[in-house]
Amino acid sequence: MEHSRTENSILIMVTGVGQKLVNMAIGFISRKIFIVYLGMAYVGLNALFSNVLSLLSLAELGLGSAITVYLYKPLAGKDEEEIRTYMHFYKKCYRYIGAAILVMGLCLVPALPYMVNFDNSETPDVNLYLVYLLFLANSVASYWFFAYKSSILTADQKGYHVNNLTTLYSALASIAKCLVVVLTRKFILALITELALGILKNIMIARKADQFYPFLKEPGAKPVPPPVLKKMFRDVRALFLSNVSFKLFSATDNLIISAVLTTTLVGYADNYTMIINYVVMVIAMVTASLTASIGNLNARESMEKRMEVFRELDLANFWISSVSFVCLFCLLTPCVQLFFGMDKALSRSIVLFLSLHFYMGTANNILSSFKTTMGVLRQGCYLALFGGVLNILLTLWLASTMGLPGVYLATILSEIFTTFFPVGYYTFRDGFGLPSGKYLFTMAWRMLLTMGMGGFVYWLCSLPREVTWGWFILQCGVCALVPNIILLVLFGRTQAFRDLLKRAERILAQRAQK
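These remarks concern the structure in this document. (Residues numbered from 1 in each chain as written. Predicted model: local features only at pLDDT ≥ 70, side-chain atom pairs only at ≥ 80, totals over all residues. Heavy atoms only, no water.)

Let us look at the overall build of the protein chain. Scanning the protein chain from terminus to terminus reveals 20 helices and zero strands. Restricting to contacts in the protein chain with at least 6 residues of sequence separation, those with at least 24 account for 85%. Total accessible area on the protein chain is roughly 23,400 Å²; 65% of this is exposed by carbon and sulfur atoms. (Helix = DSSP H or I, 4+ residues; strand = E, 2+ residues; numbered from the N terminus. Contact = heavy atoms within 4.5 Å. Areas by Shrake-Rupley, 256 points an atom, 1.4 Å probe, with all protein chains shown as cover.)

Listed below in structure tokens is the structure:
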């Protein structure tokens, strides 16, 4: 049975959020087990090598996002031949990308002693080279074992199948790793277990894609037409530059912390960033569930309809991002103290910078989805790349002068005018064809409002001096209630909010009739 864009988005959203909530619970438990049975040095090493492999994934060039955009139209028109053309091309590219990551990863092996920086008293009893090679194998396997087939499910608004399988195998991998660590205290065996289950996950997702699209198994396919290929590579180049800038912002901090400060400190910071990343993933899953619908919307509907939907989704995304900022700023430290230990807390300034970086990343989710699906891929990529380079330079300087707070302050200073505001500017100018000034002012006003709410709620939550589960639950209630009341008072009478409510009422009525 065919579903509407809205119904597909909700189905993908529910399964995606459910997946992240399950992963979040398992992640907290597995992190606690790693800290207790292995120690913070292993947590830091795990976070460091994860970032190194994240940088190597730049070899993907943004190809996955670009090809997903090209799949929207043939999927909507059920053009099997054109779909096979793109998927065959995608398969060949991923084989080369996996090989490139393998070669680049092996080239980094001699540099490992310069990346890892342990004090003599905290050096883990493990072969660092073998640990790194297992991380590298896990990354390469994701490209060589059918991972490309998940893209067609995502583009065709069937990403909930990918979500369900990913949830299952992520849970199995985490549980298996924890059992291995508890029974053997061997980090190497835990990584081998994760590698094996990751390959199995990709094989199962590929089988699911073959069930929905059996024509993909037919041998051979027409080559991508040269004009399309030329345009695709222009888009890939733009996405690659955007991905480079993103990685320079997100994947270099741990490297610099490890090299300039200590690798163990990476573990302490990663306790915070793990929680933030879980929230980011939940919000991103909501956005990702809408991306295919937005692509369908931009392919079929008028500009007036696009703007109407954009205003609704943008307000909803801001609301979620703003409330999440308040919750993270106020609750991160007590959460880390209660789950991982009172001695694992970081300073208030670090928490503020981390929370603000989170807000700047998630508040633009809907903007970025519209920008990408409208084909506005090249605009702003060089400015974002400059911001990434600036981030590295500022981080090196501020890390040596301010320590850990300087690392995260550098990120805020670098991205605010090179990635945060430019996304709004280019989306309105080149996507909607409208002046951007009014929306840029809205972005600035929303950020100041969010920070003001965060300061006020933080003052309310800081009244109790003790860190106990009772106070933490009460603080959670305050963080959930107060910012929502403020936002309801400020935005409850806007047209976008009323339209959003009407859309929700229609969906609920349709579901009730079924």
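Tracing the sequence through the fold places S321 in helix α13 (residues 303-340). Among the polar contacts listed, one links the side chain of S321 to the side chain of T362, at a separation of 3.2 Å. Setting aside anything within four residues of it in sequence, one finds S321 in contact with F358, Y359, T362 and A363. (Polar contact = N/O pair within 3.5 Å; in protein donor to acceptor, adjacent residues only side chain to side chain.)

Attention now moves to helix α16 (residues 381-402). For α16, with 22 residues, the first-to-last C-alpha span of 30 Å sits near the 32 Å given by 1.5 Å per residue. For α16, every residue scored as buried is listed here: C381, A384, G387, G388, N391, L394, T395, L398 and A399. G403 occupies a position one or two residues after α16 and carries a positive phi of about 80°. (Expected span 1.5 Å × (residues − 1). Buried < 20%, exposed > 50% of the residue type's maximum accessible area, 1.4 Å probe, protein only.)

All right, on to the environment of P219 then. Tracing the backbone shows P219 in the loop between α9 (187-212) and α10 (226-250). Taking the relative accessible area as the measure of exposure, P219 reaches 77% and is therefore exposed. In this structure the C-alpha to C-alpha distance between P219 and H88, which are 131 residues apart in sequence, comes to 9.4 Å.

Ranked by size, the top nonpolar core spans 119 residues in total, and within it F49, V131, F310, Y359 and Y408 carry the most contacts. Discounting chain neighbours no more than four positions away, the residues touching Y359 are F318, S321, S322, F325, F420, R446, M447 and T450. With six residues, the next largest nonpolar core counts Y86, V224, M232 and V236 among its residues. (Core = buried A, V, L, I, M, F, W, Y, C linked by side-chain atoms within 4.5 Å.)

Let us look at the packing of helix α6 (residues 128-144) against α9. Contact geometry for α6 and α9: axes closest at 10 Å, N-to-C directions at 5°. Overall, the two elements α6 and α9 adopt an arrangement that is roughly parallel. Between α6, through L130, V131, L134, F135, A137, N138, A141 and S142, and α9, the contact on the second element is made entirely by F187, I188, L191, I192, E194, L195, I199 and N202. Of the residues assigned to the contact of α6 with α9, the class counts are twelve nonpolar, three polar and one charged. (Axes fitted to C-alpha atoms, helices over the stretch in contact; angles between N-to-C directions. Parallel < 35°, antiparallel > 145°, perpendicular 65-115°, else oblique. Nonpolar A, V, L, I, M, F, W, Y, C, P; charged D, E, K, R; others polar.)

Next up on the list: the environment of S54. Mapped onto the secondary structure, S54 falls in helix α2 (residues 40-56). For S54, a relative accessible area of 19% puts it in the buried group. Sequence separation between S54 and S250 is 196 residues, and the spatial gap between their C-alpha atoms is 9.2 Å. Filtering out sequence-adjacent residues up to four positions away, S54 remains in contact with K247 and A251.

Each disulfide consists of one covalent bond between the sulfur atoms belonging to two cysteines. Using the criterion set out here, one finds zero disulfides in the structure. Free of any disulfide, C335 has its nearest neighbouring cysteine sulfur in C476, separated by 7.8 Å. Its sulfur unpaired, C461 is 3.7 Å from the next cysteine sulfur, which belongs to C479. By relative accessible area, which is 6% here, C461 ends up buried. (Disulfide = S-S within 2.5 Å.)

This part covers the packing of aromatic side chains. Enumeration over the complete set of coordinates arrives at 22 aromatic pairs. Between F28 and F340, the ring centres sit 5.9 Å apart and the planes meet at 15°, which makes this aromatic pair stacked. With a gap of 312 residues between them, F28 in helix α1 (residues 5-37) and F340 in helix α13 connect regions that are remote in the sequence. Considered together, F28 and F340 belong to a single accessibility category, that of buried residues. Through a chain of ring-to-ring contacts, three or more aromatic side chains come together here, namely F28, Y278, F339, F340, W469 and F472. (Phe/Tyr/Trp six-rings, centres within 6.5 Å; stacked < 30°, edge-to-face > 60°.)

Of all residues except glycine, most have a negative phi; of all peptide bonds, most are trans. Positive phi values are uncommon outside glycine, yet R185 reaches one of about 60°. Here R185 shows up in the loop between α8 (159-184) and α9.

Here the focus is the environment of V467. Within the secondary structure, V467 is located in the loop between α18 (437-461) and α19 (469-491). The exposure class of V467 is partly exposed, given its relative accessible area of 29%. C-alpha of V467 to C-alpha of C335: the two residues are 132 residues apart in sequence and 9.1 Å apart in space. Excluding residues within four positions of it along the chain, V467 makes contact with P334, Q337, L338 and M342.

Let us look at the pattern of salt bridges. With the rule as written, the count across this model stands at four salt bridges. A salt bridge links R31 to D270, with the nearest nitrogen and oxygen atoms 2.7 Å apart. One end of the pair, R31, is in helix α1; the other, D270, is in helix α12 (residues 263-300), and 239 residues separate them in sequence. For D270, a relative accessible area of 12% translates into the label buried. Its salt-bridge partner being R446, residue D314 comes within 2.9 Å of it at the nearest N-O pair. Placement of the pair is D314 in helix α13 and R446 in helix α18, with a sequence separation of 132 residues. (Salt bridge = Lys/Arg side-chain N within 4 Å of Asp/Glu carboxyl O.)

Attention now goes to the packing of α2 against α6. It is at 10 Å that the axes of α2 and α6 come closest, and there the two elements cross at 45°. Here α2 is positioned oblique relative to α6, judged by the angle of their axes. At the point where α2 passes α6, the crossing takes the right-handed sense. Together, L45, N46, F49, S50, V52, L53 and L56 of α2 and L128, V131, Y132, F135, L136 and S139 of α6 make up the contact between the two elements. Here the residues of the contact of α2 with α6 sort into ten nonpolar, three polar and no charged. (Left-handed = near helix turned anticlockwise from the far one by under 90°.)

Taken together, the side chains of I175, L179, V182 and L183 present a nonpolar region at the surface, about 390 Å² in accessible area. Mapping L179 onto the fold places it in helix α8. (Patch = residues over 30% accessible without salt bridge, like charges linked within 9 Å, V, L, I, M, F, W, Y side chains within 5 Å.)

With that settled, the discussion passes to α2. With 17 residues, α2 should reach 24 Å at 1.5 Å per residue; the first-to-last C-alpha distance of 25 Å fits that figure. Counted residue by residue, α2 has 15 buried out of 17 residues, so it is predominantly covered.

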